[in-house]
Amino acid sequence: MRKVLVRSMVMAAMLTAVSGCNSYSALQPNSSSYLSAQTLALGINQVPAALAETYSHQLGFNRYTKVKAPNGKAIHIIAQDKLSDNQIVRARSVLEHFLTPYPGSEYGADKTAVANMMTENNATLLLLNGIDDGSNRAAELDGQPLYQSEIQVEGHRWYIEQNYDHRDATFEEILHLVHDTGIGVDQYERFYGALPAYQAEIRNAQVSALASNLWGVGSENQAWIQELSAENSLSQEYLAAVVDSYYGLWGAWSESSSYGMWGLYVAKNRSEIMSEDKLGAQLMDNRFFHPYLTYNARIDEGFSGDFSLRIDPSKPYTHHSQYLKDVTLTGSHDSNVVVNELDNNITGNHGFNKVIFSGEFAQYRISRKQEGNVVISDLVDNRDGVNMLNKIEQLVFADKTLSL
């Protein structure tokens, strides 16, 4: 639970840089072949020279990617050498998700101003080796830190087990970056963000939640609350608790049956936000945040078996994966996808892949696109939706299996 340092918000100058992305070689960093073709294909490059003096190889930084704002400038993502390429892509995808326009929403229909403001405030995401134990010197640099141990890639063991020793803090920390440098924080001499009206709603909800003992719960947390108040971080941390529960990140936490964010927040999942924290629910209701995850999730290459996009009590990760819409299987293991109702786009890997549906064969319409994709349309409303499939070998229905 960290917020972007205020000094990063007041840096107006922005360095333009080159993007790049996945695994990397052991060659020297000044070699033109330092990164593999696989890494480069993912949009991950070497750290640009203009940034490398600060985010240096000596401090462990060896890869760079970015999110390009509408003004043509970059929101920087700089990674140290222990991060996997898939972790870097996952972090970039979550940032892109937060900045993806949400048509028809009050504050998110056009997020141009937020993204542009982030570049003007020099928004930088630092992906750091190890854990947050104070030993990584790079944590003192300008930027929002997110540690290797805090990034769960879909399909990875940490994600499948919902391992809270490696709690997925990706959404929380990247939200801090977007909120602090883009949406904006009040109670400073100047408002450095693009959405003061939305921040006013966030602040109102936070004040109400704290006063009503909905967030910051427990006497043991009062020193922490006082610390947040002194550094003007209350609204950031409250919003992160709401968003984490909204996207199902605490659904599998077994130490509380009804509380999220380590017991600090009264709601553990989306339905509990709606019933327990009315103002928090309003922040999520057609305001800025999409109701599902907009990015294409790269399923970890080590995964095999059935990856479910449908909630399944026997699979803890589905509290979160139920909000995924699009997935790409990676690697070569035989692996399959169980669809949900969100009109999924599913891409297979180098193994044998199946897509699993809820109903019987006769309840679906199957069509082939000229480019080779297969479209499976569920004729029953509010069940499996319309699914675009690429590189999939078999379709599994309740009553039969069809080879493509």
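Residues numbered from 1 in each chain as written. Predicted model: local features only at pLDDT ≥ 70, side-chain atom pairs only at ≥ 80, totals over all residues. Heavy atoms only, no water.

Caption draft 1: Structural detail: the pairing of strand 11 (residues 364-368). The pairing of strand 11 with strand 12 (residues 374-378) spans 5 bridges and is antiparallel. Paired with Arg365 across the bridge in strand 12 is Ser377. Linking strand 11 to strand 12, which pair antiparallel, is a turn of 5 residues; within it Gly372 sits at a positive phi near 105°. (Pairing = 2+ DSSP bridges. Helix = DSSP H or I, 4+ residues; strand = E, 2+ residues; numbered from the N terminus.)

Caption draft 2: Looking closely at the sheet that holds strand 1 (residues 61-68). In spatial order, the strands read 1-2-3-4; together these 4 strands make up an open sheet with mixed pairing. Here the strands that pair on one side only, and so sit at the sheet edges, are strand 1 and strand 4 (144-147). For this sheet the average axis-to-axis angle between neighbouring strands, irrespective of direction, equals 20°. As paired elements, strand 3 (residues 124-128) and strand 4 share 4 bridges and run parallel to each other. (Axes fitted to C-alpha atoms, helices over the stretch in contact; angles between N-to-C directions.)

Caption draft 3: Highlighting the pattern of salt bridges. Applying the stated criterion across every chain, the model contains 14 salt bridges. Note that Glu154 and Arg90 form a salt bridge whose closest N and O atoms lie 3.1 Å from each other. Of the two residues, Glu154 is situated in the loop between strand 4 and helix 6 (157-161) and Arg90 in helix 4 (residues 85-99); the sequence distance between them amounts to 64 residues. Note that Glu172 and Arg167 form a salt bridge whose closest N and O atoms lie 2.6 Å from each other. The exposure class assigned to Glu172 is buried, which follows from its relative accessible area of 0%. Linked through salt bridges whose partners overlap, the residues forming this network are Arg90, Glu154 and Asp168. (Salt bridge = Lys/Arg side-chain N within 4 Å of Asp/Glu carboxyl O. Buried < 20%, exposed > 50% of the residue type's maximum accessible area, 1.4 Å probe, protein only.)

Caption draft 4: Broad picture of the sheet that holds strand 6 (residues 305-308). Read from one edge to the other, the open sheet built from 5 strands follows the order 6-8-10-14-15, with strand pairing classed as mixed. Only two strands of the sheet have a single neighbouring strand rather than two, namely strand 6 and strand 15 (401-403). Along the sheet, successive strands turn relative to each other by an average axial angle of 20°, direction set aside.

Caption draft 5: Highlighting empty space enclosed by the protein. For the coordinates displayed, the defined rule picks out 2 cavities of 30 Å³ or more. Estimated volume of the largest cavity: approximately 50 Å³. For the largest cavity, the full set of lining residues is Asn86, Val89, Arg90, Ser93, Val153, Glu154, Tyr295, Asn296, Ala297 and Arg298. Elements with a minimum of two residues in the lining of the largest cavity: helix 4 and strand 5 (293-299). Split into classes, the residues belonging to the lining of the largest cavity amount to 4 nonpolar, 3 polar and 3 charged. Approximately 40 Å³ is the volume found for the second largest cavity. In this structure, the second largest cavity is lined by Gln152, Gln162, Asn163, Tyr164, Arg167, Asp168 and Leu249. Class assignment of the residues belonging to the lining of the second largest cavity gives a composition of 2 nonpolar, 3 polar and 2 charged. (1 Å grid on protein atoms, 1.4 Å probe; cavity = no way out; pocket = protein on both sides within 12 Å on 5 of 7 lines; lining within 4 Å. Points joined across faces, edges and corners; volume = space filled by probe spheres on them. Nonpolar A, V, L, I, M, F, W, Y, C, P; charged D, E, K, R; others polar.)

Caption draft 6: Looking closely at the packing of aromatic side chains. Throughout the structure, instances matching the rule amount to 24 aromatic pairs. Consider the rings of Tyr364 and Phe397, whose centres lie 5.1 Å apart with planes at 50°: the pair is tilted. Of this pair, Tyr364 sits in strand 11 while Phe397 is found in the loop between strand 14 (394-396) and strand 15, placing the two residues 33 residues apart along the sequence. Overall, the relative accessible area of 5% leaves Phe397 in the buried class. What links up through ring pairs into an aromatic cluster is the set Phe98, Tyr107, Phe171, Tyr198, Tyr246, Tyr247, Phe288 and Phe289. When the ring centre of Phe288 is taken as origin, the NZ or CZ atom of Lys111, which lies over that ring, is 4.0 Å away. It is Lys400 that lies over the ring of Phe361; its NZ or CZ is 4.3 Å from the centre. (Phe/Tyr/Trp six-rings, centres within 6.5 Å; stacked < 30°, edge-to-face > 60°. Lys NZ or Arg CZ within 6 Å of the ring centre and 35° of its normal.)

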